[in-house]
Amino acid sequence: MLEIGLAIDLFVLACCALVLLKYGRLSHSHPASIYLFFHLYTFTLRLIGLIFGAPTLFSDWGLYFDAVKPEEIVRAAAVGDAALVAMTVAWIRASIDHHRSILRRPDLLAARRPNLKLSHIWSVVAISFPLGVFGLWAFTTLPGVSKDVLELGEWQTSSWFFITQIWAGLALLALIYWYGFRWWLLIPIGVYLLIMTYQGFHRFRVIIPALLLMQIFLDRRKLRWPPVYVLILMVVMMAVFFPLKDIGRMAQQGERVSDIVDYSTESVNAAVSIKAPDQQFLDQFASGLTLVDDAGRFYYGETYLALVTLPIPRQLWPQKPGLADYLTDISRPWRPMGEAGMIVTFLGESYANFGYSGIVIVPFLLAYVLGRVYFHAYRNNYYSVSRLSYLLIACNLLQVFRDGLSSIIVFTWVNMMPLMAIVVLHIFLPARQTMLREPSPEAPARYGIPA
């Protein structure tokens, strides 16, 4: 059964990839390129791992728990393939619509003047960087520094304070976007990433800035695809991703470097054999589909309503709805997905809201909108608000595909607040054009946008 599911998945993935490469005008930051990787990682590789003996979710939790069955895995894989086809059609549609708009208005490909304003960037940096340094001192675990350097009572765990610890790094990213990879920026951003690694949790605070740095690097050099040395760096980053949480935890506990290296090697080996816990997204998606069916109801967009109350501190509203409350709602004692902090991917979220129709409609609409935003961004200069805005979305897309559509708001507007503040500042105080020391007119065709 799993073999049939894998054969179908490989066929669908190959067909969609070939069609997109031929007609989709892909590049390193095109949403289709990012999703193809997500699908390969979540569906295809997991199916291969299961065929070669990897245990399914809950199978090693004990007799009381209900292990995910092969038929559930195959069903989830088929649903994922249907979503991939829908998204492929949407991205081709977006490419065709872009091409038609160019035929109607050839001036859209003319070199655009930059409209990022350096004073706006520095205004945000001047506020966010000092607050970020304070957040690092007050809310992170640092070697030789007491964890309780600031006592805020019930507000000690408030996200509004806790999130400031990443502002220094985001301020540095804003300066790197403008000035490039200068030594006086690379040294502090390297220190910041090491501090985030030392925390032993929230790996996205290391991975997402690293992804954005790569995208900035490639865009500044007008490269459509990463060169070999960048690909090698990405492979290394993928390998580090699996033991990253435990590396920080073990470092805090004073473990020897050799022990950390040994554990990391074991973790990477488990990932190579596709048996790591972080490779069970397909299993979690499959379990989520079954639990939604067992619950006997759909949410019809209710899962997104928690975004309305997101800015309200939980200290003021202890019973504030959570972004993943529906997972707790559908969970059962024999499959405690909500209590265990599991995910069902944005496809599982779509199914929970609208059933099988959501598996087609939601991915199609998401893919089409992202495709049109991508083409708009790459018609503009690198030093433009639209390009910066798109890259802030693109570097978070893996998290969005993994956690759900709400993550577009959470991981851009919330977790990248200083960078989004720069965008908002340009909206209310736009710059007609910005004079640069070294003007950098774009060559859109190099990004897959034909003249």
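Rules behind the numbers
Residues numbered from 1 in each chain as written. Predicted model: local features only at pLDDT ≥ 70, side-chain atom pairs only at ≥ 80, totals over all residues. Heavy atoms only, no water. Core = buried A, V, L, I, M, F, W, Y, C linked by side-chain atoms within 4.5 Å. Buried < 20%, exposed > 50% of the residue type's maximum accessible area, 1.4 Å probe, protein only. Helix = DSSP H or I, 4+ residues; strand = E, 2+ residues; numbered from the N terminus. Contact = heavy atoms within 4.5 Å. Phe/Tyr/Trp six-rings, centres within 6.5 Å; stacked < 30°, edge-to-face > 60°. Lys NZ or Arg CZ within 6 Å of the ring centre and 35° of its normal.

Participant: Account for the nonpolar core, with residues named and values stated.
Facilitator: Counting residues in hydrophobic clusters, the biggest one holds 119 residues, and the most contacted among them are Y35, L212 and F401. The leading source of residues in this core is helix α15 (residues 345-379), at 13 residues. In contact with L212, other than residues within four places in its own chain, are L173, L391, L392, C395, M416 and L419. Formed by 6 residues, the second largest nonpolar core is a distinct cluster that contains F242, A271, A276 and F281.

Participant: I'd like a description of the environment of R335, backed by residues and values.
Facilitator: With respect to the helices and strands, the residue R335 is situated in the loop between α14 (325-330) and α15. The exposure class assigned to R335 is buried, which follows from its relative accessible area of 2%. Between the C-alpha atom of R335 and that of Y64, which follows or precedes it by 271 residues, the distance is 9.4 Å. Leave out the neighbours within four places in its chain, and R335 touches F58, D66, A67, V68, K69, E72, S287, T290 and L291.

Participant: I'd love a proper account of the packing of aromatic side chains, names of residues and values included.
Facilitator: As enumerated under the stated definition, the model contains 33 aromatic pairs in all. Residues F38 and F401 carry aromatic rings whose centres are separated by 5.8 Å and whose planes lie at 50° to one another, so their mutual orientation is tilted. Taken together, the positions of F38 in helix α2 (residues 31-51) and F401 in helix α17 (residues 397-403) put the pair 363 residues apart, joining distant regions of the chain. The class of F38 is buried, set by a relative accessible area of 4%. Seen from their ring centres, Y351 and Y356 are 5.2 Å apart, and the 75° between their planes marks the pair as edge-to-face. Look at Y356 and you get partly exposed, because its relative accessible area is 49%. Chaining the aromatic ring pairs together yields one cluster made of Y35, F38, W91, F346 and F401. The ring of F241 is capped by R203, whose NZ or CZ atom sits 4.1 Å from the centre of that ring. For R387, the ring lying beneath its charged end belongs to Y378, and the centroid distance is 4.2 Å.

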